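# Understanding the architecture of this molecule
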Amino acid sequence: MHRLLLSSRQTFGRVSLKTLVAPPSTFLSAPSCQLTCTKVFSSDSKFPKSSSFAARHIGPSTVDIRVMVNEVGLKSIDEIVQKAIPASIRLTDELKLDPAIGEHELLSSLKEMAAENQVWRTYIGMGYYNCFVPTVIQRNVLENPGWITQYTPYQAEISQGRLESLLNFQTMICDLTAMENANASLLDEGTAAAEAMAMCYRQNKRKSFLVDCKCHPQTIAVVQGRAELFGIKVNVVDITPDLDMHEACGILVQYPDTDGCVQTNLAQVAELAKQKKTVVCVATDLLALTLLTPPGELGADVVLGSSQRFGVPLGYGGPHAAFFAARKEFIRHMPGRMVGVTKDRHGNMAYRLALQTREQHIRRDKATSNVCTAQALLANMSAMYAVYHGPRGLQRIGQRVHNFARVLAKGAAEAGFELVNPTGLYFDTLRLRPTKPMEEIRSRAASARINLRFYDDRATIGVALDETVSEADMNDLLRVLGCKSSVAELAERLSPDEGLLASPLARQSNYLEHPVFNSYRTETAMVRFLKRLENRDLSLVHSMIPLGSCTMKLNATTELTPVSWPEFSQLHPFAPTDQAGGYRALFQQLEAQLAEITGFDAVSLQPNSGAQGEYAGLRTIMHYLDSIGQGHRKVCLIPMSAHGTNPASAHMAGMKVEPVNVTRTGSIDMRHLLDLTEKLSDKIAAIMVTYPSTYGVFDPEIREICDVVHAAGGQVYLDGANMNAQVGLCRPGDFGADVSHLNLHKTFAIPHGGGGPGMGPIGVKKHLAPFLPGHAGHDHLNHLAKLPVSAAPYGSASILPIPWAYVRMLGPDGLRRASEVAILNANYMMKRLEKYYKVEYRNEAGFCAHEFIISMNEFRKSGIQAVDVSKRLMDYGFHSPTMSWPVENSLMIEPTESESRDECDRLVDALIRIRAEIDDVVQGKLPSDDNPLKNAPHPQSMVCSSHWPHPYSRELAAFPAPFVRPENKFWPACSRIDDRYGDMHLICSCPPMSSYKAMASSTGRLQSAERARSRDSSSSGSEQSAVQEKSKQSARECRKRKKLRYQTLERTARREERAIEVLYLQLD
Ligand SMILES: Cc1ncc(COP(=O)(O)O)c(C=O)c1O
């Protein structure tokens, strides 16, 4: 939320008494660690604490710090900070935050806060439903650092587990929606709809988009917000087949709609749209599709929605994975990431991110979207939910929910309610018009602690059911409606000739027939499956992940624990705000913390990724400029070195990108900036700067840069991805930034989840505060006139306890210390490596910020590239640093403060050894095409093969350093991935059974595939309507296409296998 926090430096501290009197940590008072300690309570000496959180979070010990400082050639960590950060911006004051508290105290104060959230039974619907998170998934995925601390799977060879799982997600979406391609995944349903609109516009450049008035209101609002700056006119209408569509780039329909009604004319609407070359987008519900004819069979071009109710907690709005599926002709225009099947260098099937992987860096403002961090972890949870239940299980859940809805409809009718539903068809949601006074229902619901949807018309209510609803819940609901009959009695009266399954829209096609959805029924099998995938991925539980610009630091258990508490996880985002007192306190305190840390006046917690924050921030700027009569300013200055999401977000905010040169040291080229501001002066809306720069250097001219842009009438957007070098040391709001996003999933300890969740709140100066994103669905945000950027008022609210806990447990001293050590670790490693690799950028004093870049250009002549070093690092048990961004053929190393000196040394030692291996190639001791780098990574299958034709030993391949031992070896799952092959033979859903034979024989557990659903229970005896016929035919075609794809893949795989066999025979 974003009430003004102007006086936060004076007034911060809306925390409980208990937390305020918490003693400072013993770590911070340790004499050797040069931290100022505020006050030591006398009881501390008598009852010393076992340890502080800071000591657990920060890797190097005080002794290590001294050694490292020496290695860098200085005397104290303060000196390093002085060398790295320009004096003109260094913070002289302490952050005005409460002192650190310990882990157990933190948990008890969070418990107190959580107790202020009331978990009522909630039937509000609107795209958010309660569900059972299978405990086997909760414990083994959601709460398992092996799954949650991975990075986005750019390094495919050490990410095969989650890539396989994301492919399952895509397959699940394709099957349930009957579409040909699906991505993995988007931020929420609202933004998925906005992406769909943008894709429609890219298709035909028509500037109007029709949205069904029966879409979820938050979806409509997000779409309208996105359209505004694009100049697309959104018409919210009742979409019927007689609508004039010829000028619309696309239409968006909700199926079933927000009131629960299942439209029967979707096929006709789609047919008509096709004639007008208008793209048909359908927002849908996955559980409904277990019973309902899928949109793909009714002519949809794009199908989108949220996968939340497939095993992901409500979490007061998020995080959840949205899905986006489209016909194959749209595949190259789809937003977000897509996993594809390819082969490794030995011809084995493997997975990797296809097509759009890094497209923002290449296509910048022409990119299909700005989506970078999405919701990978949540997509994995949903896919696992489908694996766990299988098609039969899902169908049973769908059937149960639907039958309860039928019972409710009967009960409501008996109690005198009118069903507001033009077709009479529904899945799980009813809109009802009571004859009794609304207040009566309200008060009965409140006394039973039940939340219903009370429509704004004050005349109707909505009730949406879900898989957690029990018979007892149903009886309570019926009582609230004033129905005298019980569930059992009403159920007796259900007729098999009624309901969805008896309608022409009953689903005829099978789904989820792939073995992966039919093989893990028992928990034993499920746990082994989860473990098998987890074991294929390198995460922070194995070693450091030194990805520059990504800040892969400790995600502490105490920080993560509250995320699963029901008080945080089971609240519906549109539950009355008086039930969310705990969340309100959390938001207020977190906003105040972040405002204090950044020097801004107001904070919005709505954006749920860094790139979403960029878009939100730029939109805020555009609205502000408009309000002061400067709406004509559209140019956004973006340095060439910027992250690809910057130009992509600027484009989304309706801006025109003007690149600014950077100097050889990575700083903004002041002369070029001055030229541009002179040339474009009254067109400039903003500059986007990353600070410290993407080259890992604190630009000494940052104040001047901000001044120049301000003087030209523009605003300064600071990309806060590198905030980990600044917290407690300098504040963007002090040195000239007007707005900035923070990647809470980097600096503030939210785990990266293998590609999301994330949170990208923005901080702004006072003048921008009125233009922050609002949200009509929330008391505390609806005073803001501005449309939302996310579907939920507070984005991914349930992960916000993590940054709150991080700040509370480190306190002002610990936070500053963390930044100092992050800078120290980077400079220490740089110092050790500079004798072996060319370090690209440093400041004038020769220091970097919290990350640095080493170049591989000098080895290019010998054929060695950054990618070879990256892959070779896998053999040493490491994830590669950021590869070839922002500088081509380089590695950007960011150790973070959480890595110990030992771990930093291990990575440095690995790189030094690799340098020696490079020398062997450079000096011709090893061929340039057959050496440990070119052949890296070396998976177990390669090292253990009886064929070893290489001119170096297997031992060197697999155990290249004394610290890589059989007992701690992390084996890459496959050899080097062939990206090009994958993109040329694009397959983005699960490959056929035969590809799994190897796996099957190794576990001996693959059971025969279950049939997806029993046809007997469906509309037997009833006459097949035209729609059913069409749907059947479409399902047949879909199956045929899939079969063909599988056959092609199998043929290719067989060909490859044969070729390799021949090769081996020749070698023999
Ligand atoms: C400098 C920079 N800006 C923006 C982003 C985008 O953030 P997100 O991935 O959360 O969308 C990143 C992500 O890596 C980044 O490094």
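Residues numbered from 1 in each chain as written. Predicted model: local features only at pLDDT ≥ 70, side-chain atom pairs only at ≥ 80, totals over all residues. Heavy atoms only, no water.

### Some thoughts on the site of the ligand
Threshold: When at least one non-hydrogen atom of a residue lies within 4 Å of a molecule or strand, that residue is treated as near it. Polar contact is the term for a pair of N or O atoms within 3.5 Å; when the atoms are in protein, one must be able to donate a hydrogen and the other to accept it, and sequence-neighboring residues count only if both atoms are side-chain atoms. The Shrake-Rupley method, run with a 1.4 Å probe, gives the accessible areas here. Residue values count only the displayed protein chains as cover. Note on conventions: DSSP H or I runs of at least 4 residues are helices, E runs of at least 2 residues are strands, and numbering of each starts at the N terminus. Note on residue categories: nonpolar means Ala, Val, Leu, Ile, Met, Phe, Trp, Tyr, Cys or Pro, charged means Asp, Glu, Lys or Arg, and polar means any other residue, Gly included.
Close to the ligand lie 14 residues, the nearest being Thr-373, Ser-549, Gly-610, Asp-719 and His-745. A distance of 2.8 Å separates an oxygen atom of the ligand from a polar atom in the backbone of Ala-611. In this structure, an oxygen atom belonging to the ligand sits 2.7 Å away from a side-chain N or O atom of His-745. Out of a free accessible area of 390 Å², the ligand has 99% covered by protein chains. A total of three residues in the shell around the ligand trace back to one element, the largest contributor, which is helix H24 (residues 610-627). Partitioned by chemical class, the residues of the shell around the ligand number three nonpolar, eight polar and three charged.

### Description of the pattern of salt bridges
To be explicit about the condition: Whenever a carboxyl oxygen of Asp or Glu lies within 4 Å of a side-chain nitrogen of Lys or Arg, that contact is scored as a salt bridge. The rule is simple: take the accessible area with a 1.4 Å probe, protein chains only, and divide by the maximum for that residue type; under 20% is buried, over 50% is exposed, in between is partly exposed.
Using the criterion set out here, one finds 44 salt bridges in the structure. As a salt-bridge pair, Arg-816 and Glu-94 come within 3.0 Å of each other at their nearest N and O atoms. Taken together, the residues span a long stretch of sequence, with Arg-816 in helix H29 (residues 801-833) and Glu-94 in the loop between helix H7 (77-84) and helix H8 (103-115) at a distance of 722 residues. Glu-94 sits in the partly exposed class, given a relative accessible area of 28%. Residue Asp-259 is joined to Arg-431 by a salt bridge in which the shortest nitrogen-to-oxygen separation is 3.0 Å. With Asp-259 in the loop between strand S5 (248-255) and helix H14 (266-275) and Arg-431 in strand S12 (residues 429-433), this pair connects stretches of sequence that are 172 residues apart. Of the two residues, Asp-259 and Arg-431, both sit in the buried class. Counted as one network, the salt bridges with shared partners bring together Asp-64, Arg-832, Arg-901, Asp-905 and Asp-909.

### Points about the pairing of strand S3 (residues 208-212)
Applicable threshold: Paired strands, as defined in this entry, are two strands with at least two bridges between them according to DSSP. A crossover gets the label right-handed when its path from the first strand over the helix to the second runs clockwise, viewed with the strands pointing away from the viewer.
Within S3, five of the five residues are buried, leaving the element largely enclosed by the surrounding structure. One ladder, built from five bridges, connects S3 with strand S4 (residues 233-237); its direction is parallel. Bridging across to S4, Phe-209 finds its partner in Val-234. A crossover connection joins S3 to the parallel S4 through helix H13 (residues 217-230); in handedness this β-α-β unit is right-handed. Relative to S5, S3 runs parallel, the two being bridged by four bridges. Bridge pairing links Leu-210 to Ile-251 in S5.

### Structural notes on the sheet that holds strand S1 (residues 121-123)
Applicable threshold: Note on contacts: a residue pair qualifies if any of its non-hydrogen atoms lie within 4.5 Å across the two residues. The angle between two axes is taken between their N-to-C directions and runs from 0 to 180 degrees, where each axis is a line fitted to C-alpha atoms and a helix contributes only its stretch in contact.
With mixed pairing, five strands are arranged side by side in an open sheet as S1-S13-S14-S12-S11. The open sheet has two edge strands, S1 and strand S11 (418-419), and neither has a second partner. The sheet contact formed by S11 and S12 spans two bridges and is antiparallel. Counterpart to Glu-418 in the pairing with S12 is Arg-433. Packing against the sheet, helix H18 (residues 471-481) makes contact with S1, S12, strand S13 (450-454) and strand S14 (461-464), and its axis sits at approximately 55 degrees to S13.

### Regarding helix H16 (residues 376-414)
What counts is decided by this rule: Expected span of a helix: the number of residues minus one, times 1.5 Å. Across the chain, bend at a residue is computed as the angle between axes fitted to the seven residues ending at that point and the seven starting from it.
With 39 residues, H16 ought to run about 57 Å at 1.5 Å a step, yet its terminal C-alpha atoms sit only 45 Å apart, falling short of that. Of all the bends found along H16, the most pronounced is centred on Gly-390 and spans about 95 degrees, while Pro-391, a proline, follows it within four residues. Of all 39 residues in H16, 30 are buried; the element is thus mostly enclosed. Following H16 by one or two positions, Gly-416 adopts a phi angle in the positive range, close to 95 degrees.

### Focus on the UniProt feature "modified residue: N6-(pyridoxal phosphate)lysine" (unreviewed entry) in the protein chain
Applied cut-off: UniProt positions are given in the numbering used here, feature names are shortened, and annotations may be inferred rather than shown by experiment.
Using the residue numbers shown here, the UniProt feature "modified residue: N6-(pyridoxal phosphate)lysine" (unreviewed entry) corresponds to Lys-746. In this fold, Lys-746 is placed in the loop between strand S20 (739-742) and strand S21 (762-764). Ignoring anything within four residues of it in the chain, the contact list for Lys-746 reads Ser-549, Cys-550, Thr-551, Lys-553 and Ala-721.

### With respect to the environment of Ser-486
Looking at the element boundaries, Ser-486 is found in the loop between H18 and helix H19 (487-492). By relative accessible area, Ser-486 is classed as partly exposed at 24%. When near neighbours in sequence (up to four residues on either side) are disregarded, Ser-486 contacts Asn-475 and Leu-478.

### Section: the packing of aromatic side chains
Basically, it comes down to this: Stacked, tilted and edge-to-face pairs are distinguished by plane angle, under 30 degrees for stacked and over 60 for edge-to-face with tilted covering the rest, among Phe, Tyr and Trp rings (Trp via its six-membered ring) whose centres lie within 6.5 Å. Lysine and arginine charges are scored as sitting over a ring when NZ or CZ, respectively, is within 6 Å of the ring centre and within 35 degrees of the ring normal.
If you walk through the whole model with that rule in mind, you get 19 aromatic pairs. Relative to Phe-587, the ring of Tyr-316 has its centre 6.2 Å away and its plane inclined at 15 degrees; by these criteria the two rings are stacked. One end of the pair, Tyr-316, is in the loop between strand S7 (302-306) and strand S8 (322-326); the other, Phe-587, is in helix H23 (residues 581-598), and 271 residues separate them in sequence. One aromatic cluster in this structure is built from Tyr-316, Trp-565, Phe-568, Tyr-583, Phe-587 and Tyr-794. Its guanidinium or amino end placed over the ring of Tyr-201, Lys-205 lies 5.6 Å from that ring's centre, counting from NZ or CZ. Over the aromatic face of Tyr-615 sits the side chain of Arg-226, whose NZ or CZ is 5.1 Å from the ring centroid.

### Considerations on the sheet that holds S5
Read across the sheet, seven strands follow the order S2-S8-S7-S6-S5-S3-S4 without closing on themselves; strand pairing throughout is mixed. Only two strands of the sheet have a single partner each, and these edge strands are strand S2 (181-182) and S4. Where S7 and S8 come together, five bridges link them in antiparallel fashion. In the strand pairing of S8, Gly-305 is matched with Phe-323.

### Some thoughts on the packing of helix H11 (residues 160-177) against helix H20 (residues 523-535)
The condition that has to hold: Small angles under 35 degrees read as roughly parallel and large ones over 145 as roughly antiparallel, with 65 to 115 read as roughly perpendicular and the rest as oblique.
Their axes nearest at 6 Å, the elements H11 and H20 cross at an angle of 125 degrees. Here H20 runs oblique to H11, going by the angle between their axes. Residues Gly-161, Glu-164, Ser-165 and Asn-168 of H11 pack against Phe-529, Arg-532 and Leu-533 of H20. Counted by class, the contact of H11 with H20 contains two nonpolar, three polar and two charged residues.

### Section: the side chain of Ser-159
Of note, Ser-159 is situated in the loop between helix H10 (145-148) and H11. By relative accessible area, Ser-159 is classed as buried at 0%. Only 2.7 Å separates the side chain of Ser-159 from the backbone oxygen of Gln-155, close enough to count as a polar contact. Contact partners of Ser-159, with chain neighbours within four places excluded, come to Pro-153, Arg-536 and Asp-537.

### So, unusual backbone geometry
Following Ala-184, the chain continues to Ser-185 via a peptide bond in cis, the omega torsion being 15 degrees. Positionally, Ser-185 belongs in the loop between S2 and helix H12 (189-204). Its identity is not glycine, yet Thr-896 carries a phi of approximately 70 degrees, on the positive side. Relative to the assigned elements, Thr-896 resides in the loop between strand S25 (890-893) and helix H31 (901-922). For Thr-896, a relative accessible area of 1% puts it in the buried group.

### Brief notes about helix H30 (residues 866-875)
With nine of 10 residues buried, H30 is to be regarded as a mostly interior element. Every buried residue of H30 is listed here: Ala-866, Asp-868, Val-869, Ser-870, Lys-871, Arg-872, Leu-873, Met-874 and Asp-875. Looking at the buried positions of H30, the neighbouring elements they touch are strand S24 (882-883), S25, H31 and helix H33 (954-958). Two residues or fewer after H30 comes Gly-877, characterised by a positive phi angle close to 90 degrees.

### Brief notes about the environment of Ser-604
Note on placement: Ser-604 falls in strand S15 (residues 602-604). Using a relative accessible area of 1% as the deciding quantity, one classes Ser-604 as buried. When the C-alpha positions of Ser-604 and Pro-793 are compared, they lie 9.7 Å apart, and in sequence the two are 189 residues distant. A distance of 3.2 Å separates the side chain of Ser-604 from the backbone nitrogen of Gln-606, its partner in a polar contact.

### Things to note about a negative patch on the surface
In plain terms, the rule: Patch definition: residues with relative accessible area over 30% and no salt bridge; like charges joined within 9 Å; nonpolar side chains (Val, Leu, Ile, Met, Phe, Trp, Tyr) joined within 5 Å. For this count, His and the chain ends are skipped, Lys and Arg are scored as positive, and Asp and Glu as negative. Just so you know, the charge point we use is NZ for Lys, CZ for Arg, CG for Asp and CD for Glu.
Where like charges cluster on the molecular surface, the negative patch consists of Glu-701, Glu-704, Asp-707 and Glu-844. If you trace the backbone, Glu-704 turns up in helix H27 (residues 702-711).

### Here's the deal with the pairing of strand S17 (residues 656-660)
Sheet topology places strand S16 (residues 635-639) next to S17; five bridges connect them, and they run parallel. Looking across to S17, one finds that Pro-639 is bridged to Val-660. After leaving S16, the chain enters helix H25 (residues 645-652) and then returns to the sheet as S17, a path that is right-handed.

### Let's talk about the confidence of the model for the protein chain
The cut-off we apply is this: As a per-residue measure, pLDDT reflects the predictor's confidence and takes values from 0 up to 100.
Overall, the predicted model of the protein chain reaches an average pLDDT of 90, with 88% of residues at or above 70. Contacts for the low-pLDDT stretch residues 996-1024, under 50 throughout, to residues beyond four places or in other chains number 52 contacts. Low pLDDT, under 50, characterises residues 1057-1068; the stretch is placed with five contacts to residues that sit more than four places away or in other chains.

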